[in-house]
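# Report on the structure
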Amino acid sequence: MLTYNYYGHACFLLDDGKCKVLVDPFLTGNPQASINEKDVEADYILITHAHGDHLGDAASIAFRTNATCIGIPEVTDFGGQRVKTIGMNLGGTVKTDFGFVRMVPALHSSGIGGGIACGYVIGIGGKVIYFAGDTALFSDMKLIGERDKIDYAILPIGGHYTMDPVDAAKAVTFLNAANVIPLHYNTWGVIKQNAEDLVKLVKGAKVHIVKPGQSLELL
Ligand code: NI
Ligand code: MN
């Protein structure tokens, strides 16, 4: 069984029953946070970029849990803190205890000099999950959907900093994803959106609206 646990904003945990994969652990200062960073468990931490609402509590959680951080080397440097890291870069695939992680492009700033923003294709529990990170819509999302059959696409819909529901719906078409989970909205006023708009716009995929603190079994 593979579970998606949503902790608010762009932070979630994928759990296949053996491995816990935490993504973009912004909890301290996150108005949507459904868990305290001191209570989060993780075996791996994936980081898409160094903006505070993504890198967040990664260093302290990694230090406490001994989790392995995966990201662009510039992003996972953490100012030299002693945490386990796997530095990788766009186009690369890393085999992990739970399956694999492929780093894919995102169209966004990195939040750190020399870095670049990314998304991830995650193979876990027999499923393929695509997390776009923070990004604008880009047509090369088609290539991501051609290489892997995307079971779940986890997409930002807040607008202002990322795609909005209109562009996210187009992304679903490019990705040819079977299921969609929106995030990165309603954390603050500038990214206020009605997720039901995405439900109306998406064609050919099932949209799952998961609220902070809720979990979804990924079938
Ligand atoms: Ni960002
Ligand atoms: Mn963001």
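Residues numbered from 1 in each chain as written. Chains lettered and ligands numbered in written order. Predicted model: local features only at pLDDT ≥ 70, side-chain atom pairs only at ≥ 80, totals over all residues. Heavy atoms only, no water.

## Looking at the coordination of the manganese ion (ligand 2)
Distances from the manganese ion (ligand 2) to its protein donors, D53 (OD), H54 (NE2), D134 (OD) and H184 (NE2), fall at 2.1 to 2.2 Å. All donors to the manganese ion (ligand 2) come from one chain, and their sequence spacing reads D-H-x79-D-x49-H. Separating the manganese ion (ligand 2) from the nickel ion (ligand 1) is a gap of 3.3 Å, which D134 spans by donating to each of them. (Donors = N, O, S within 2.8 Å, 3.2 Å for Na, K, Ca; no water.)

## Structural notes on the nonpolar core
The biggest cluster of nonpolar side chains holds 51 residues, and the ones touching the most others in it are Y4, F12, L14, L22, I45, I129 and L218. With sequence-adjacent residues up to four places away left out, I45 is seen in contact with L22, P25, A58, I61, A62, A67, T68, C69 and I70. L155, I157, M163 and A169 belong to the second-largest nonpolar core, a separate cluster that totals 26 residues. (Core = buried A, V, L, I, M, F, W, Y, C linked by side-chain atoms within 4.5 Å. Buried < 20%, exposed > 50% of the residue type's maximum accessible area, 1.4 Å probe, protein only. Contact = heavy atoms within 4.5 Å.)

## Some remarks on the sheet that holds strand 4 (residues 44-46)
If you trace the seven strands from one edge of the open sheet to the other, you get 6-5-4-3-2-1-14, paired in mixed fashion. Whereas interior strands pair on both sides, the edge strands pair on one side only; in this sheet they are strand 6 (85-87) and strand 14 (215-217). On average, each strand axis in the sheet is tilted by 20° relative to the strand beside it, whichever way the strands run. Relative to strand 2 (residues 11-15), strand 1 (residues 3-8) runs antiparallel, the two sharing five bridges. By the bridge assignment for strand 2, G8 is matched with C11. (Pairing = 2+ DSSP bridges. Helix = DSSP H or I, 4+ residues; strand = E, 2+ residues; numbered from the N terminus. Axes fitted to C-alpha atoms, helices over the stretch in contact; angles between N-to-C directions.)

## Here we look at the sheet that holds strand 10 (residues 127-131)
Strand order in the open sheet formed by seven strands is 7-8-9-10-11-12-13, and the pairing between neighbours is mixed. Either end of the sheet is taken by a strand with one partner, and the two such strands are strand 7 (93-95) and strand 13 (206-207). Across three bridges, the pairing between strand 10 and strand 11 (residues 152-156) is parallel. Across the sheet, the residue bridging to Y130 is A153, located in strand 11.

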